[in-house]
Amino acid sequence: MSSLSPESNRTADAERRKRLGQYYTGSGLGRLLAALAQADKAKTIIDPMVGSGDLLASCLEIGAKPKLVVGVEIDALALGVCQSRLPVASCLLGSAFDPDVISRLPAQGWDLVIANPPYVRYQSFSDKADTAHALPSAMQIRTGLLQSLQRLPALDDEDKQIFAHLVSGYSGLSDLAVPSMILCAGLVKQGGRLALVVPESWLSRDYATIVHYFAVSLVRH
Ligand SMILES: C[S@@+](CC[C@H](N)C(=O)[O-])C[C@H]1O[C@@H](n2cnc3c(N)ncnc32)[C@H](O)[C@@H]1O
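Structural notes, computed from the coordinates. (Residues numbered from 1 in each chain as written. Predicted model: local features only at pLDDT ≥ 70, side-chain atom pairs only at ≥ 80, totals over all residues. Heavy atoms only, no water.)

For the protein chain, the count of helices and strands is nine helices and five strands. Listed N to C, the secondary structure of the protein chain is α-α-β-α-β-α-β-α-β-α-α-α-β-α in terms of helices and strands. In the protein chain, buried positions account for 50% of the 221 residues. Pairs at least 24 apart in sequence give 73% of the contacts found in the protein chain among residues at least 6 apart. (Helix = DSSP H or I, 4+ residues; strand = E, 2+ residues; numbered from the N terminus. Buried < 20%, exposed > 50% of the residue type's maximum accessible area, 1.4 Å probe, protein only. Contact = heavy atoms within 4.5 Å.)

Below you can see the structure in the form of structure tokens.
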């Protein structure tokens, strides 16, 4: 039981949510995105930053009946909520940028990758995070992502080279959503779908140019 006052608990919760970028999608937007992504046709679905499971729940609510549904989350509390809410989902605790976590996924290419990435900057991460796993540094995210992408079977050699170039080159000012988008794209299998909630700021910020490039090349593929 917490010895903090209810007021301190609320402040701690708000601070934790801010640090982890825990702003959940909710059912309205979640169902809309799931429907646009034709989740009902997907046999395998993953949300690599699943939070309490809003997007996976939305997929199931609109009629998806996947044989594999998986969520990854760095925060044990949020993942616990997801697990009890969605007993059909396999929930994995850890950082989505950790190559060991990615290698433990039951599939390496997915029909649908659906996510609302954390829009926080690395600089705001603190070592004292009360997650089960220490929050990764900017460097760990970049190197972890590079290692994971090299192992993903959904990418051919040319893709891997392009992805590696993009991962090595994205701006250090980027929020965590930029590497998240790259990871999510790498997890989509040939012919699969990527469905993301993205911030309006990506329309105007310089560091989001890479995201525009990505969106265009994914559509062409
Ligand atoms: C914007 S919330 C979205 C959660 C959920 N997908 C939804 O749509 O409601 C982003 C989630 O990413 C989680 N997160 C932050 N860093 C992460 C990481 N390195 N690996 C996995 N999850 C992470 C946060 O704890 C948070 O729950």
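What follows picks up the thread again.
Right, let's get into helix α2 (residues 27-36). Inspection of α2 places Gly 30, Leu 33 and Ala 34 among the buried residues, and these make up the whole buried set. Taken down its axis, α2 places every buried residue within 100° of arc, on the same side. Exposed residues lying more than 90 degrees from the buried face of α2 are Gly 28 and Leu 36. Looking at the buried side of α2, the elements it contacts are α3 (54-61), β4 (110-115) and β5 (188-196). One or two positions beyond α2, positive phi appears at Gln 38, with a value near 50°. (Arc of directions from axis to C-beta.)

Here we come to the site of the ligand. Looking at the ligand, there are 22 residues lining it, with Thr 25, Asp 47, Met 49, Glu 73 and Ala 96 nearest. The separation between a nitrogen atom of the ligand and a polar side-chain atom of Asp 47 is 2.8 Å. One of the backbone nitrogen or oxygen atoms of Met 49 is found 2.9 Å away from a nitrogen atom of the ligand. Isolated, the ligand exposes 600 Å² of accessible area, and the fraction of that covered by the protein chains is 99%. Partitioned by chemical class, the residues of the shell around the ligand number 12 nonpolar, seven polar and three charged. (Near = heavy atom within 4 Å. Polar contact = N/O pair within 3.5 Å; in protein donor to acceptor, adjacent residues only side chain to side chain. Areas by Shrake-Rupley, 256 points an atom, 1.4 Å probe, with all protein chains shown as cover. Nonpolar A, V, L, I, M, F, W, Y, C, P; charged D, E, K, R; others polar.)

Below, the discussion takes up the sheet that holds strand β3 (residues 90-93). A sheet is described by the order of its strands in space; here five strands give the open sequence β3-β2-β1-β4-β5, paired in parallel fashion. This sheet does not close on itself; its edge strands, each paired only once, are β3 and β5. Each strand axis lies, on average, 20° off the axis of its neighbour in the sheet, ignoring direction. Sheet analysis places strand β1 (residues 44-47) next to β4, joined by two bridges and oriented parallel. Bridged to Ile 46 within β4 is Val 113. The strands touched by helix α4 (residues 76-85) within the sheet are β2 (68-73) and β3, with β3 carrying the most contacts at an inclination of about 175°. Contacting β4 and β5, helix α8 (residues 177-187) crosses the sheet at an angle of about 145° to β5. (Pairing = 2+ DSSP bridges. Axes fitted to C-alpha atoms, helices over the stretch in contact; angles between N-to-C directions.)

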